[in-house]
Amino acid sequence: MNFFTICKFFEKDLYDLFSCNLYLCFSNINMPGDSDLEIEEAFRRAQKAHNNKAKLVASLKNRYNKLEDKTEFHEEFVRCLKYAMIIYTREPAVENVIDFVTRFAASFETPVNENPDEEEEEEDENEFLNFLLNFLLESHGANSHAVRFRACQLVNKLLGSLSENAQIDDDLWDRIHEAMLIRVTDKYPNVRIQAALAMSRLQDPSKSDDSVFLAYMLLLENDSNPEVRRAVLSCIAPSATTLSKIYKRTRDVKEKVRKLAYQVLAEKVHIRALSIAQRVSLLHEGLSDSADSVKEVVKTHLLPAWLRMQQGDVLQLLHRLDVENCAETAVTTLQAIFSMATSPDDLQNGVRLDERALCEFVKNKGNEGEELLERLLPETAIFAEYLYSYLKSITQLSEEQRADMTQLEMVMTQEFIGQQLILLVGCLDTSEEGGRKRMVAVLQEILLMPNTPTSLIGLLVEKLIGILRDDAQKIQMVAEIISDVREPILPISEPVDENEKRRKQVKLAEVRVQIMEAKQTLEECISCQDFSRAAELKDSISQLEELKNQLVLEASQSADNIKEQRVEKSDAKTLLKCLTMCAELFKQMNIKRGICPTMNALIESLILPGVSNPNPAVRNMAVICLGTAALHSKDLANTHLVLLLQITQLDEPKIRISALRALVDQLLLNGLILQDKPAPVSQDDSNEQPEHQAEEESTVQSILKMLSEFLDSEICELRTETAEGLAKLMYCGRILSPKLLSRLVLLWYNPVTEDDQRLRHCLGVFLQLYARASRTNQECVEESFLPTMRTLFNAPVTSPLSEVDTSNVAELFVELTRPSALVQPAAVQAVSVHDSLAVRVCNEILRDTSAPEVRLYCKTLSWLEINTEPGPANSDLQLLLKDILQVLFRELVVAYLLLAFCSDEENVPEEPPSVRPSRRAKMAAIDKTKQDLTALMNQEANSS
C-alpha cells in the first residue's frame, strides 16, 4: 500500500505525531557522530518557531557531510518529511517544518564556477537537492490533495530560495516544468496556487508561445478562484503577450484581484508600454472604483510610479494622457495627486502643476486654501480681459480648411484651452462689484461674437448665470443676448436718387468756386492793406469751407446710402447657438420658479419652430430645449407629450434618443405611477372620472408598449437608453412591472448585448440596488422569476437566449430575493419572499414533473432561505413538497421497471432524445409493463 495512503489514517496535528515514541523507529539506524543532530530531533525542533533554523540546518548538514553513503540519510529524511506532507491545513508547526526543509535543501547549492575541474564536486554538493526534487516530482500526482499541495509548495519554495545563477540539470528542469503544468489544472485551488508560483522561474518572456505564459493566461481568463488569479498576477512576467491579460484583471469581479493588478502595473510596467486609451481607462476606472482599497492603490502606487517616470513633472504626465477628449479623467487624476499633499502650501511648491485643476481643488478646501487661492488667481477684471483676447483670437476655419487635419487639431486645441479658461471663472472672487461687472460685460461680448465656438456657448452661459444674482436679471440678460444674436443690427443699402445726387454735386462745385474767388480777393486786400475787408473775407471763407465739408459728407453718404437696422438670421449656425443658450438657461433655472412670459416667448418663437427645422443638429437641440422646458411646467409637459412620443418613433436615432430622455425625465418628475394593470375605479366616482382615467391608462399603456418595443431595437444606443430609462423609472417607483423587469434581466443576459458595456454595467448595478431597496421590489423580482425562466426554457435553438446559462439566472433571482439582502430589513414576517418563491417553484414543478427544467427548479429550492417556523405558509409548502416527492418517486419506479423490462439491447427501440412522451403515453407504458410482468411471472410459475 502507498505510504501516503497509510499516513492518511493518522492525519492529525503534527505535534501529536512527533510526540509519539518515534525514537524506537530511529534506534535501528546506526549513524556515526552521536554528537551530531539526529534527523528526527531536527524535525522535532523545527516545528517550533523560536528555534534557530540556521543552527539546525548547519548541524544536520554537518552530519550529512560526514556520511559516505547518503542513501540511508535520504530515506530517513523523506520518511520524516512525509508526516508533514499529509497535513493539508496551514498549521504553524507544519509551515515551520516546510521552511526548515527548504533551507536545508537550499544550503547544498554551490555558486556557479567556470572552472570545469570543479564541476564534479558541484554535482556531489547538489546530490541532496536533486534527490529531494526528484522525490517531490514523484509525489506530485498522489491521490491525496494534501500531498499534492505540499509537493508543489516545496518545489515553489526550493526554486524561490535558489540564487538567480543557480544551475539545475536540464532533465530535472524539464520534469519540474512538466509536473507544474499538470498541477496548475488541479482540482484544488491551493494546489494550483503553489504550482503557479513554482512556475514563475520557468517562464521565458522572450517567447510569445511559451507554455508557462499560455498556462498563466488561461488561469487569468478562466480560473474561478480569485486567489489563483492573484497568484498568477504576482508572478507573471509582463510582456507584449501578457500585458493585455494583466490589464484586463483591473476589471476583475474581485476587489483583491483588481488591487493587485494595479500594483503589478505600477511596479513592473512602464507607462510607455501602455496605449493612451489604456492609461486613461486605468485612471478613470481605478479612481472611480467601488472599492476604496483599489482607489488607494491607484493614488499611492500607480500615480506616484508614473510621476517618477516623468521626473515628477505633472504636466508631462498629462501629455501622456488624452486630456482634450478625457478632461474629466485628467481633472480627477490631478485632484488625486493634490490630495496626497499634506498642506495647501505643498501644492504651490509642486513641480509645474495644472493651475485650473489646482484652483478648483484649493477652492474646495474652503477657508484653509483661501490664502493660496488669492496668490494663484489674478484679479477678476484682468482675467476677464485676457479671456476676451484669447477667445477672440481662436482661428476660424472654412469648410476646405476643416479637411486639413493639422489645422483642425490646432483649432480643437485652442477650443480646449478656452474651455479651461472659462472653467477658471468659477474660481474667481466676484464679490468685488467692479470686477464682477467687467466679467459680466466680457461674457456678454464673447457670446455676441460671431466666431465664438458653439462648443463653448453652454459653458459661457453657465458662468454668466452663475455670476448674476437675480433670477429675473438672468433670464432677461440671456434673452437679450439671444435676441441680439438672432436679430443683429446690420447696415442696409438703399437705392440712390440720381437727380438729387446731381444737384448736390453742382452745389458742391459752386461752393468750391466761391472759395477760390474769396481766397483770391483776400490776397488782393492784404496787398492793398485793406485789413477790415480781409477779415470779413476770412470769415466768409471759413463758412464756405464748413458748407463744402457738409456737402462732401452728404455726397459720400448718398453714394453708400447705408442705414442700420435689425435683420433676423435663420441659418443653422445661428439657430444652434441661440438654442444652446436657451437650453442652458432652462437647465440652470430652478424648476419650481415656473415659466415666465420671457421664457414662454422663447418657447414659441425659437424652440417650437426649431423642432421642425430641416437641419438635424438644430432639431436635436430644439428637442433638448423642449424637454428641459417641460420640466418647469406640468401643463407644458402634458401639452407636448404627444409631440415627444412622435419624435421618439419617427426622427433620426440621435434625435429619438434626445426625445426619449426628455420623456423619461418628464415621467420621473411628474409622478405617473405606471402599472401592468389599471387600478380599479371606485363606483363613487363621477361619470367623468372613469373616462379621464381610461384615457390616462391608454396613454400609459401606449408608453409602456413603445418602451418595450425599443428594448428590441436594432439601434444599440436607443436600446441602451431605453433600458437605462426603464431602470430609473422602476427604481424611483414610477413603474411597477414584473414583465418589464423580466425583459431587463433577459436583456442583461442576452449574448447580443455582450459588447454593450454601458448597458451591462447599468443593468448590473440597477438589479442589485433595486432588489435591496424594499420588500415591494423583491416581490416584483419574485413575480418575474417564472416568466423569465419560461422564456429561456422555451427559446428556440436559433435564438441567442438559448445560449444563456439558466442555472446562473436562477442563482441571480435567489440572491436578489434574499431577505438578508435588504438595506433596511423589514419587521419579522410570517412569509418571506423566498417562502412565496418556493411555493411558485413547487407549483411549477407539479405542472409537469417530467419536464427537463424540473431538475433546475429542484436545485433552486435547495438555495432558498425557507422560514422553518410553524405557520400556514410553512404547512402549505410542506404539502407541496410531499406531493412532489410522491410524484417523482412514482416516476422513478416506473422508469426503473421500464429499464428492467427493456434490458435486452436488441429490443430497445431508438427514439430521438428531444422527444418528450406525454403523460397519457407514460400511463399506457405503465399498464403495458404491469401486463407483461404478470405474463412473465405466470409463465415462470407454470414452468416450475
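Positions within a chain are numbered from 1, following the residues in the order the chain's sequence is written. Restriction of local features to residues with pLDDT of at least 70 applies here, the model being predicted, together with a cutoff of 80 or more for giving and counting side-chain atom pairs; totals for whole chains, interfaces and linings are based on all residues. Hydrogens and water molecules were not included; the side-chain quantities draw on all heavy atoms of the structure.

As annotated in an unreviewed UniProt entry, the protein chain carries the name Non-SMC condensin I complex, subunit G and is attributed to Cyprinus carpio. UniProt, in its Sequence similarities (unreviewed entry) section for the protein chain, records the words "Belongs to the CND3 (condensin subunit 3) family." UniProt positions are given in the numbering used here, feature names are shortened, and annotations may be inferred rather than shown by experiment. Recorded under Subcellular location (unreviewed entry), the UniProt text for the protein chain is reproduced unchanged: "Chromosome".

(A) Examining the overall build of the protein chain more closely. Elements are defined by DSSP. Helices are runs of H or I of four residues or more, strands are runs of E of two residues or more, and each kind is numbered from the N terminus. A count of helical and extended segments in the protein chain gives 48 helices and four strands. Only protein chains enter the calculation, and the probe is 1.4 Å; a residue is then buried if its accessible area is under 20% of its type maximum, exposed if over 50%, and partly exposed in between. Considering the protein chain as a whole, with its 944 residues, one finds that 44% of them fall into the buried category. Areas reported here follow the Shrake-Rupley algorithm with a probe of radius 1.4 Å; residue values treat only the protein chains shown as occluding. Just so you have it, the protein chain exposes about 51,800 Å², and 50% of that area is on carbon and sulfur atoms.

(B) Fine view of the environment of L585. Structurally, L585 can be placed in helix α32 (residues 572-588). A relative accessible area of 0% means that L585 is categorised as buried. Spatially, the C-alpha atoms of L585 and V478 are 7.3 Å apart, while their sequence positions differ by 107 residues. Two residues qualify as a contact provided that any one of their heavy atoms is within 4.5 Å of a heavy atom in the partner residue. If we ignore the near neighbours within four places in the chain, the residues touching L585 are V461, I465, K474, I475, V478 and L602.

(C) Layout of a negative patch on the surface. Within the patch definition used here, like charges are joined within 9 Å and nonpolar side chains (Val, Leu, Ile, Met, Phe, Trp, Tyr) within 5 Å, considering only residues with over 30% relative accessible area and no salt bridge. What counts as a salt bridge is simple: a side-chain nitrogen of Lys or Arg found within 4 Å of a carboxyl oxygen of Asp or Glu. By the counting rule applied here, Lys and Arg register as positive and Asp and Glu as negative, while His and the ends of each chain are not counted. A charged residue contributes its charge at one atom only: NZ of Lys, CZ of Arg, CG of Asp or CD of Glu. On the surface, D169, D170, D171, D174 and E178 cluster together into a negatively charged patch. Its location among the elements puts D169 in the loop between α10 (145-161) and α11 (170-183). Take D169: its relative accessible area is 44%, and that puts it in the partly exposed class.

(D) A look at the packing of helix α41 (residues 757-773) against helix α42 (residues 775-783). Running from amino to carboxyl end, α41 crosses α42 at an angle of 120°, the nearest separation of the two axes being 5 Å. Judged on the interaxial angle alone, α42 and α41 are oblique. Contact with α41, carried on its side by Y770, A771 and A773, involves N777, Q778, C780 and V781 of α42 and no other residues of that element. In this classification, the charged set is Asp, Glu, Lys and Arg, the nonpolar set is Ala, Val, Leu, Ile, Met, Phe, Trp, Tyr, Cys and Pro, and all remaining amino acids, among them Gly, are polar. Counted by class, the contact of α41 with α42 contains five nonpolar, two polar and no charged residues. Where helices are involved, their axes are fitted lines through C-alpha atoms of the stretch in contact, as for all axes, and angles between N-to-C directions lie from 0 to 180°. Orientation is classified from the angle alone, with under 35 degrees giving roughly parallel, over 145 giving roughly antiparallel, 65 to 115 giving roughly perpendicular, and any other angle giving oblique.

(E) Looking closely at helix α37 (residues 653-670). By definition here, a helix of n residues has an expected span of 1.5 Å times n minus one. Over its 18 residues, α37 extends 26 Å from the first C-alpha to the last, a length consistent with the 26 Å expected when each residue adds 1.5 Å. Within the sequence span of α37, burial applies to I655, R656, I657, S658, A659, L660, A662, L663, V664, Q666, L667 and N670.

(F) Highlighting the packing of aromatic side chains. Here a pair means two rings of Phe, Tyr or Trp (six-membered ring of Trp) with centres within 6.5 Å. Their orientation is stacked below 30 degrees between planes, edge-to-face above 60, and tilted elsewhere. In this structure the tally under the stated criterion is 22 aromatic pairs. Residues F785 and Y857 carry aromatic rings whose centres are separated by 6.5 Å and whose planes lie at 65° to one another, so their mutual orientation is edge-to-face. Of the two residues, F785 is situated in helix α43 (residues 785-793) and Y857 in helix α46 (residues 854-863); the sequence distance between them amounts to 72 residues. On the accessibility criterion, Y857 (2% relative accessible area) is buried. Three or more aromatic residues link up through ring pairs in this structure, and these residues are F43, Y64, F73, F77, F100, F104, F108, F128 and F131. Charge-over-ring contacts are defined here by two conditions on Lys NZ or Arg CZ: a distance within 6 Å of the ring centre and an angle within 35 degrees of the ring normal. Residue placement shows K61 over the ring face of F108; its charged tip is 5.1 Å from the ring centre.

(G) Spatial organisation of the environment of I515. Following the sequence through the fold, I515 ends up in helix α30 (residues 498-527). Using a relative accessible area of 5% as the deciding quantity, one classes I515 as buried. Residues I515 and I541, 26 residues apart in the sequence, show an inter-C-alpha distance of 5.9 Å.

(H) View of helix α14 (residues 226-235). For α14, the full list of buried residues reads V228, R229, A231, V232, L233 and C235. One side-chain oxygen of the residue at the start of α14 lies 2.9 Å from the amide nitrogen of E227, identifying that residue as N225. Polar contacts, as counted here, are pairs of nitrogen or oxygen atoms within 3.5 Å of one another; within protein the pair requires one atom able to donate a hydrogen and one able to accept it, and residues that are adjacent in sequence qualify only if both atoms are side-chain atoms.

(I) Broad picture of the confidence of the model for the protein chain. One number per residue, pLDDT, summarises how confident the predictor is, and it ranges from 0 to 100. Scored by pLDDT, the protein chain comes out at a mean of 81, with 80% of its residues at no less than 70. Scored below 50 in pLDDT, residues 673-689 makes 20 contacts in the model with residues more than four places away or belonging to other chains. Under a pLDDT of 50 for its full length, residues 904-944 has, in the predicted model, 18 contacts with residues more than four places off or in other chains.

(J) Representation of the environment of L645 within the structure. Here L645 shows up in helix α36 (residues 641-650). In sequence terms L645 and S702 are 57 residues apart; their C-alpha atoms lie 9.5 Å from each other. Residue contacts for L645: discarding those within four places in its chain leaves L663, I703 and M706.

(K) Seen up close, unusual backbone geometry. In the Ramachandran plot, Q311 falls in the positive-phi region, its phi being about 55° despite a non-glycine side chain. For Q311, the position within the fold is in the loop between α18 (292-309) and α19 (314-319).

(L) Structural detail: a nonpolar patch on the surface. Side chains of Y731, V765 and L769 sit close together on the surface and give an oily, nonpolar patch of about 260 Å² of accessible area. When you line up the elements, V765 lands in helix α41. Judged by relative accessible area, V765 falls into the partly exposed class, the value being 38%.

(M) Layout of the pattern of salt bridges. One pass over the structure, following the stated rule, counts 42 salt bridges. A salt bridge links R593 to D471; its shortest N-O distance comes to 3.9 Å. Taken as a pair, R593 in the loop between α32 and α33 (597-611) and D471 in helix α29 (residues 471-486) lie far apart in primary sequence, 122 residues in all. The closest approach of N and O atoms between E721 and R661, which form a salt bridge, is 3.2 Å. Taken as a pair, E721 in helix α39 (residues 716-731) and R661 in helix α37 lie far apart in primary sequence, 60 residues in all. Several salt bridges converge on common partners, so that one network encompasses R661, E721, E724, K728 and R758.

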